[in-house]
Amino acid sequence: MTSMPDVPALAADRAPPLTDLPEWAHFAAAARACTLQANGVPDLIEAPGVTVDFSGQRHSDALGQAGRALLEARGFDVQRARLLAGEAVNITEARPAWHTALRAPDAPPEVLAERARMDAWVRSADAERRWSNLVHIGIGGSDWGVRLAVSAFGYTGLWRQVRFVANIDGHAIEGGLAGLDPRDTLIVLASKSFTTAETLQNGERAREWLAAAGVDPRANFAAITAYPERAVAWGVPEGNIFRLWDWVGGRFSLWSAVSLTTALAVSTDVLAGMRAGAAAMDQHFAEAPVGANAPVRMALAGVVNRSVLGHGSLNIAPYDSRLAQLVPYIQQLDMESLGKSVDLDGRPVGVPTGPAVWGMPGTDAQHTFFQWLHQGSDGAPVDFILCRTADHHWPAHHRALLANCLAQREALMRGKTFEQARAECLREGLDPVRADWLARHRMHPGGRSNHLIVLPRLSPYTLGALLALYEHRVFVQGVIWGIDPFDQWGVEYGKILARGIVEALSPETPPGPDGGAARDRGAGHDASTRHWIEQLKG
Ligand code: F6P
């Protein structure tokens, strides 16, 4: 059971608000004073599994120094040590966020034991060629990481067909089950809390589907949860339940048995490789000095882009179609973690915090929204991600992919002046009046911030390292802004309102005197919501 946070201890610990710190003022001033360093020596950090090129970010010696001072003022060393030691860094929920323990070479014994049990279970299912179909039912952190790993390493096809069902929309579960043979289908219910409405309701439909085909649902269900007793009560046999722990955040849980489907789809070796890459990144994060620490540098750049330059979004551009699912994965990791506006003491942070994260693999993205990145009024920083070596046999495709990535990045950084655009138009034979006019449409502002992250090739190790890089980047931004990156109170409010509205939409619920439904009157809906409850009821 989660205990309540120790409020008096917190109050005694009060840190000054970020914007009261002279270190913040220096950092912001130093960031405003510098431009992109694109013409210097490439600014690279070789971290485990990835090379990060920071040449597309604002940088100067003064900014580097100010960043170090800011981190010191925010107690970064102590906070990092507390995270990695499994202390209760999730302050508002009074619990650790100890995902690093799940992949540490010296993981706690209960972690190793559960992993061994899951691996043995997968080995026996594989040996018996059990289940040609897997339906993974889970949402958010119980879904995205599994989708990502399965699509990254199973892109050429799998001997087990894998489907994912997350949404409460009945079309999702209908499509997820359609055409499968119930006798040869394993339903995997992944839910840390085992209370998530979407997952349990979709699980019910799957159970009915199995029962309707005369299959014992118990034999064809597995569950992963931090509350095994809830899964037992729901009807999953104990031997098919794997656990995680309350000290793992949902969006950090792919390192746990939540990845059972990944193991069944693309092997336990993939999970072992991902854990090894992540653990190597953890070590880099723990030991590398600030200036050579990839997640820390990315976090400082993120704070410059968001809180100083005011960029409201961050674009993720993986130039590898196997990484399409990386975008929603980072979207949840970043936005659920950093979408907060008050600090740990409950005061407004005082600067804009987490950006909206969005994206799509290149080159599709180039034909969808890159125009906006190049010449739109806002633009956004971009994280370009590519693999040096491809795993297919068409080098020309890979060269073209790499060229597109580098070219888009260069155009965003370099831009094109009016004079350059005009000269180009004149060279193409336009008369001077038309060249003046068209050049205004063809100039690019340039100076757009970006990271280039290069993986030697896509492997479990490099993907694990990449994900840990982002996890730690998010954590450091949380430390600088002084927020709790491990809670998600905002999501809860809508969930509670939805429960009342679900009842109100039921045809059995009589309408209340205010036009709302009797059972839901206490919710005090606005006129429009009441109108639509009445319209959509049934
Ligand atoms: O979206 C809110 C959230 O609580 C996420 O943090 C979590 O990953 C998801 O719901 C699913 O939760 P659970 O694993 O408990 O079903």
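Residues numbered from 1 in each chain as written. Predicted model: local features only at pLDDT ≥ 70, side-chain atom pairs only at ≥ 80, totals over all residues. Heavy atoms only, no water.

Novice: What am I meant to see in the packing of aromatic side chains here?
Specialist: Aromatic ring pairs are reported here in terms of the distance separating the ring centres and the angle at which the planes meet. Tallied over the entire structure, the rule returns 16 aromatic pairs. Summarising the aromatic geometry, the rings of Trp-245 and Trp-247 are spaced 5.4 Å apart at their centres and angled 10° between planes, so their arrangement reads as stacked. This pair shows no difference in class: Trp-245 is buried, exactly as Trp-247 is. Plain terms: the ring middles of Phe-285 and Phe-475 are 6.4 Å apart, the flat faces sit at 90° to each other, and that makes the pair edge-to-face. In this pair, Phe-285 is assigned in helix α12 (residues 268-287) and Phe-475 in helix α19 (residues 460-481), connecting sequence segments 190 residues apart. Phe-475 carries the same exposure label as Phe-285, and that label is buried. Of the aromatic side chains, those joined through ring pairs into one cluster are Tyr-319, Trp-358, Phe-369, Phe-370, Trp-372 and Phe-384. (Phe/Tyr/Trp six-rings, centres within 6.5 Å; stacked < 30°, edge-to-face > 60°. Buried < 20%, exposed > 50% of the residue type's maximum accessible area, 1.4 Å probe, protein only. Helix = DSSP H or I, 4+ residues; strand = E, 2+ residues; numbered from the N terminus.)

Novice: I'm lost on the site of the ligand in this one. Help?
Specialist: As a structural note, the neighbourhood of the ligand is formed by 14 residues, with Ser-142, Ser-191, Ser-193, Thr-196 and Glu-336 the closest of them. Residue Ser-193 places a side-chain N or O atom 2.6 Å away from an oxygen atom belonging to the ligand. For the ligand, whose unbound accessible area comes to 390 Å², protein coverage reaches 88%. When contributions to the shell around the ligand are tallied by element, the ones reaching two or more residues are α14 (326-338) and α20 (489-505). Of the residues that constitute the shell around the ligand, the class distribution is 2 nonpolar, 9 polar and 3 charged. (Near = heavy atom within 4 Å. Polar contact = N/O pair within 3.5 Å; in protein donor to acceptor, adjacent residues only side chain to side chain. Areas by Shrake-Rupley, 256 points an atom, 1.4 Å probe, with all protein chains shown as cover. Nonpolar A, V, L, I, M, F, W, Y, C, P; charged D, E, K, R; others polar.)

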